[in-house]
Amino acid sequence: QEEKIFAGKVLRLHVCTMEGAEWLEEGPEDTTVEKLKERCLKHCLPGSLEDPKTVTHHKLIHATSEKVLTDTKTVLEENIQDRDVLLLIKKRAPTLLPKMADVVAEEKRKQEQKAPDKDAILKATANLPARSVDRTVTHHNMRDFQTELRKILVSLIEVAQKLLALNPDAVELFKKANAMLDEDEEDRVDEIALRQLTEMGFPESRAVKALRLNHMSVTQAMEWLIEHADDPSVDAPLPGQAPAEAPAEGAASSAEAAAGPSSEEGGEEAKDELTEIFKKIRRKREFRPDPRAVIALMEMGFDEKEVVDALRVNNNQQNAACEWLLGDRKPSPEDLDKGIDTNSPLFQAILENPVVQLGLTNPKTLLAFEDMLENPLNSTQWMNDPETGPVMLQISRIFQTLNRT
């Protein structure tokens, strides 16, 4: 009776195995975990206790707390309550240490799969015929299309000038071309980008200048405005913004005078006059180097003229310009004004294309060619233009077709 009075509380525990077996185990709360484990093994694995290692190879886990129960502690000490769920799990077998022979074989296999070093490569290729690859040539081949495109544009400009000079309405066409060239540049500023900068508090004229200098990039324009906030010349107009009414009127009067004579000699003079006028148009489209790239390259110790030449040759790309300055400086700035061989199959195929032929009679095409020649970054703008885009697309297709053959 005393044992019954002082006996521990009897707990009913829900036990599960990984195989899906489930049952209830009852026992006092002073039962050790090891004893409880033995009773569980007798229930689910009869005869397993003949091997003394069976108990040590299993463990009981409290499902709620995910705690592994210690064999030497009692159920009460492990804070197990009535109706708790326990998991009976077999311990994983310890990983066997690899044999020395296996270790040596594995290391040998890794050495065989290891990439060869420089000496091994030289030894293996000692008997191969030597071939030198000019990295500069490879680099220029990657830019083949851009180089050839510039030459094509130079030659097409000459053709367009001659076609426009032969046109009886040459004066009117020139006036139209000159009007497009001298039109207010504010119309070509990205209005959304300009609005974003003005909403930040920047003056509109200053924001327009920043956008033009940074190719309509809002982020770069904002950084430029912040950097030049205290610059006294920040509001000075860009070279292309200077009023050009007087030259335009003079050029127009020259064109009218050129178109005036009706004799053959007068016609030749008209052609020469128009050629000079188109040269003036080209001079208006002066190359504008990226000011950030100019400053960065000049800080490396290069002269300003060299930096401008490098940026002009490499389409305002700072990294390419730096490589050009450090390399053999080819092509030279003088090479940029050289046209393509007019007898080459490529140029003949371009001239025979009806879309190109029609486009060359449009003064806007001439302006597009001039603009892309001096500012290659504007190529995307002209590619998307409904009048000049088809011409540029045909030139690109013809070049790609002949380049594959």
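Residues numbered from 1 in each chain as written. Predicted model: local features only at pLDDT ≥ 70, side-chain atom pairs only at ≥ 80, totals over all residues. Heavy atoms only, no water.

A. Up close: the overall build of the protein chain. Across its full length, the protein chain carries 21 helices and 5 strands. For the protein chain, buried positions account for 34% of its 405 residues. Pairs at least 24 apart in sequence give 59% of the contacts found in the protein chain among residues at least 6 apart. (Helix = DSSP H or I, 4+ residues; strand = E, 2+ residues; numbered from the N terminus. Buried < 20%, exposed > 50% of the residue type's maximum accessible area, 1.4 Å probe, protein only. Contact = heavy atoms within 4.5 Å.)

B. The side chain of Gln394, seen in detail. Here Gln394 lies in helix α21 (residues 389-404). Ignoring any residue separated from it by four or fewer positions in sequence, one finds Gln394 in contact with Asn353, Val355 and Val356.

C. Expanded view of the pattern of salt bridges. Applying the stated criterion to the full structure yields 10 salt bridges. The partner of Asp235 in a salt bridge is Arg206, and the shortest N-O contact between them spans 2.9 Å. Here Asp235, found in the loop between α11 (218-227) and α12 (245-259), pairs with Arg206, found in helix α10 (residues 204-213); they are 29 residues apart in sequence, far enough to count as distant. A relative accessible area of 18% means that Arg206 is categorised as buried. When salt bridges that share partners are traced, they join Lys364, Asp385 and Glu387 into one network. (Salt bridge = Lys/Arg side-chain N within 4 Å of Asp/Glu carboxyl O.)

D. Up close: the sheet that holds strand β2 (residues 22-28). What the 5 strands build is an open sheet, ordered β2-β1-β5-β3-β4; its pairing is mixed. In this open sheet, the two edge strands, each paired with only one partner strand, are β2 and β4 (67-68). Each of β1 (10-17), β2, β3 (58-62) and β5 (85-90) touches helix α2 (residues 33-44); the most contacted strand, β2, lies at about 145° to it. (Pairing = 2+ DSSP bridges. Axes fitted to C-alpha atoms, helices over the stretch in contact; angles between N-to-C directions.)

E. Summary view of a nonpolar patch on the surface. Side chains of Met100, Val103 and Val104 sit close together on the surface and give an oily, nonpolar patch of about 290 Å² of accessible area. Along the chain, the position of Val104 falls in helix α4 (residues 100-113). (Patch = residues over 30% accessible without salt bridge, like charges linked within 9 Å, V, L, I, M, F, W, Y side chains within 5 Å. Areas by Shrake-Rupley, 256 points an atom, 1.4 Å probe, with all protein chains shown as cover.)

F. Up close: the nonpolar core. Among the nonpolar cores identified, the biggest contains 25 residues, and Ile152, Leu156, Leu346, Ile350, Phe369, Met372 and Ile395 are the most heavily contacted of them. Those elements giving two or more residues to this core turn out to be α7 (144-166), α17 (345-352), α18 (354-360), α19 (363-374) and α21. A per-element tally of this core places α7 first, with 8 residues. With residues up to four places along the chain from it excluded, the contact list for Leu346 reads Ile152, Ile340, Ile398, Phe399 and Leu402. (Core = buried A, V, L, I, M, F, W, Y, C linked by side-chain atoms within 4.5 Å.)

G. Expanded view of the confidence of the model for the protein chain. Taken over all residues, the pLDDT of the protein chain has a mean of 75, while the share at 70 or more is 75%. Low confidence marks residues 135-143, where pLDDT is under 50. Its contacts with residues over four positions away, or in another chain, come to 7 contacts. Between residues 242-265, whose pLDDT stays under 50, and residues either more than four places distant or in other chains, the model counts 21 contacts. (pLDDT = per-residue confidence, 0-100.)

H. The arrangement of the environment of Lys9 in detail. Following the sequence through the fold, Lys9 ends up in the loop between α1 (2-6) and β1. The spatial distance from the C-alpha of Lys9 to the C-alpha of Gly27 is 8.2 Å, given a sequence separation of 18 residues. If near-sequence neighbours (up to four positions away) are discounted, Lys9 is found in contact with Gly27, Pro28 and Glu29.

I. Structural view of the packing of helix α9 (residues 191-199) against α10. Orientation of α9 relative to α10, taken along the N-to-C sense of each, is 130°, at an axis distance of 9 Å. With respect to α10, the element α9 is oriented oblique. Handedness of the α9/α10 crossing: right-handed. From α9, Ala193, Leu194, Leu197 and Thr198 reach across to α10, where they touch Glu204, Ala207, Val208 and Leu211. Broken down by class, the residue content of the contact of α9 with α10 amounts to 6 nonpolar, 1 polar and 1 charged. (Parallel < 35°, antiparallel > 145°, perpendicular 65-115°, else oblique. Left-handed = near helix turned anticlockwise from the far one by under 90°. Nonpolar A, V, L, I, M, F, W, Y, C, P; charged D, E, K, R; others polar.)

J. Inspection of the packing of helix α14 (residues 291-298) against helix α15 (residues 304-313) at higher detail. Remark: α14 packs on α15, axes separated minimally by 10 Å, with the N-to-C direction vectors making an angle of 130°. With respect to their mutual orientation, α14 and α15 come out oblique. Note on packing geometry: the crossing formed by α14 with α15 is right-handed. Side by side, α14 and α15 meet where Ala293, Val294, Leu297 and Met298 of the first sit next to Glu304, Val307 and Leu311 of the second. A class-by-class count of the residues in the contact of α14 with α15 yields 6 nonpolar, no polar and 1 charged.

K. Representation of the state of the cysteines within the structure. For the structure shown, the criterion picks out 0 disulfides. Lacking any disulfide linkage, Cys40 is separated from the closest cysteine sulfur, that of Cys44, by 7.1 Å. (Disulfide = S-S within 2.5 Å.)

L. Region of the structure containing α9. Those residues of α9 that fall on the buried side of the exposure criterion are Ala193, Leu194 and Leu197. Down the axis of α9, the buried set is contained in an arc of 100°. They therefore lie on one face. With respect to the buried face of α9, the exposed residues turned more than 90 degrees away are Glu191, Ile192 and Glu199. As for α9, its buried residues are in contact with α10 and α11. (Arc of directions from axis to C-beta.)

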